[in-house]
Amino acid sequence: MSYWHSKPMTFRQMPTPFTRADLAARKITSYALQHDPRYIQMVHGVWIDRTEDIMAPTPVWAGAEWQRVATQLRGFRLRRPDVAGTFWTAARLYGLPVPNRIRDQDLHVAGDTACTRVNMRQVILHRHRQLKQIDFFDLQLVTVPHLLLELGSHLSLLELVQFGDAAVSKRFGGPKTTLASLQTELATRRQLRSRRKIAKAFSLIRLTVDSPRETWLRLWLIGNGFPEPVVHPQVRCHLKNVILQPDLGYPELKLAIEYEGDHHRSSAGQFNTDIERHQLLEAEGWTILRVTKRTDMNTFGKLLAAHLNNPV
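Computed from a predicted structure; not experimentally measured.

*Asks:* Any chance you could explain unusual backbone geometry here in plain terms?
*Replies:* As a rule of thumb, non-glycine residues mostly have phi less than zero, and peptide bonds are mostly trans rather than cis. Put simply, glycine 174 and proline 175 share a cis peptide bond, and its omega is 5 degrees. Along the polypeptide, proline 175 turns up in the loop between α6 (157-168) and α7 (179-188). Notably, phenylalanine 137 is not glycine yet its phi reads approximately 55 degrees, a positive angle. In this structure, phenylalanine 137 sits in the loop between β9 (133-136) and β10 (140-142).

Right, here's the structure in full:
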């Protein structure tokens with residue numbers, strides 16, 4: 001068993017799951033459990049009191065959905081302490097980018113080959129010959145390398161690289177694993193579905209990527225025959241004596257590529273920061289190409305080719 005010590009972290013109010021074995025200590029009658037609306041059944045045999053919370057450790061980025069999934073897993077483990085969170089349950093708790101197309105809200109748990117069946121609605125058991133798990137904010141989850149291999153056949157190549165980029169980055173309190181750990185996990189598996197796709201994805205994972213859209217843009221460039229750009233090339237800014245790091249770039253050409261999400265325009269602070277960074281890059285002789293979700297990528301490709309083929 002290994003443990004996850006993440007900083008920064010915080011404490012938030014969260015409900016405490018309980019079972020019928022706790023009724024006497026809580027001075028709750030069976031009648032009240034069935035009829036009082038303050039008691040909510042999470043899974044079969046497990047309830048929470050929605051008027052009672054405790055302070056529990058959580059990641060600083062955790063929101064209401066994280067707290068819901070965490071409470072659900074903690075509650076189920078009161079019945080089945082031999083399992084750990086896996087699949088989309090673990091991915092959401094780790095803060096990995098679950099694709100929008102995944103609507104699965106079931107509780108996914110993993111156990112070893114001796115683990116008995118689970119006969120509960122909206123709870124799915126996955127059995128493994130070797131179960132690798134970690135304590136993550138008092139939650140038992142399969143390790144990130146184990147998780148990525150299990151999800152390999154359920155994700156596209158792009159989605160798997162996005163998962164990997166997020167897992168080795170500093171986003172959401174990371175990194176949560178390393179490239180070496182991912183490769184080691186892959187090498188130890190004798191039987192694995194989608195091995196070629198997973199191996200390809202692992203070869204495309206890069207450090208310090210800030211968002212899934214940056215991953216998409218980098219893979220779009222590679223997939224369309226452009227040289228692989230450097231992730232966050234470091235540019236010395238002499239005007240302010242700082243290091244600038246555009247999203248992607250070709251340092252030898254002083255060419256930067258920035259992906260701008262909607263928050264770059266909706267946040268006044270972010271908008272002003274972007275303007276200054278772009279001006280400072282230009283002062284150092286860099287050219288900046290910008291991409292948004294509405295960019296005509298065919299036109300962008302022609303524009304980029306012109307810059308690469310005819311450097312200033």
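From this point on, the discussion continues.
*Asks:* What should I look at first to understand the side chain of threonine 86 in this one?
*Replies:* Here threonine 86 shows up in the loop between β6 (84-85) and α4 (87-94). A relative accessible area of 0% places threonine 86 in the buried class. In this structure, threonine 86 is in contact with His108, Val109, Ala110, His126, Val142 and Leu147, ignoring residues within four places of it in sequence.

*Asks:* Is there a simple way to explain empty space enclosed by the protein in this structure?
*Replies:* To locate leftover empty space, one rolls a probe as large as a water molecule over the atoms. Evaluated as defined, the whole model comprises 1 cavity of 30 Å³ or more. Computed from the structure, the largest cavity encloses a volume of approximately 40 Å³. In terms of lining residues, the largest cavity is bounded by Arg68, Val69, Gln72, Trp88, Thr89, Arg92, Gln105 and Asp106. The residue makeup of the lining of the largest cavity, split by class, is 2 nonpolar, 3 polar and 3 charged.

Conventions we followed
- Residues numbered from 1 in each chain as written.
- Predicted model: local features only at pLDDT ≥ 70, side-chain atom pairs only at ≥ 80, totals over all residues.
- Heavy atoms only, no water.
- Helix = DSSP H or I, 4+ residues; strand = E, 2+ residues; numbered from the N terminus.
- Buried < 20%, exposed > 50% of the residue type's maximum accessible area, 1.4 Å probe, protein only.
- Contact = heavy atoms within 4.5 Å.
- 1 Å grid on protein atoms, 1.4 Å probe; cavity = no way out; pocket = protein on both sides within 12 Å on 5 of 7 lines; lining within 4 Å.
- Points joined across faces, edges and corners; volume = space filled by probe spheres on them.
- Nonpolar A, V, L, I, M, F, W, Y, C, P; charged D, E, K, R; others polar.

So far we have only geometry, and geometry alone does not tell us how the molecule works.
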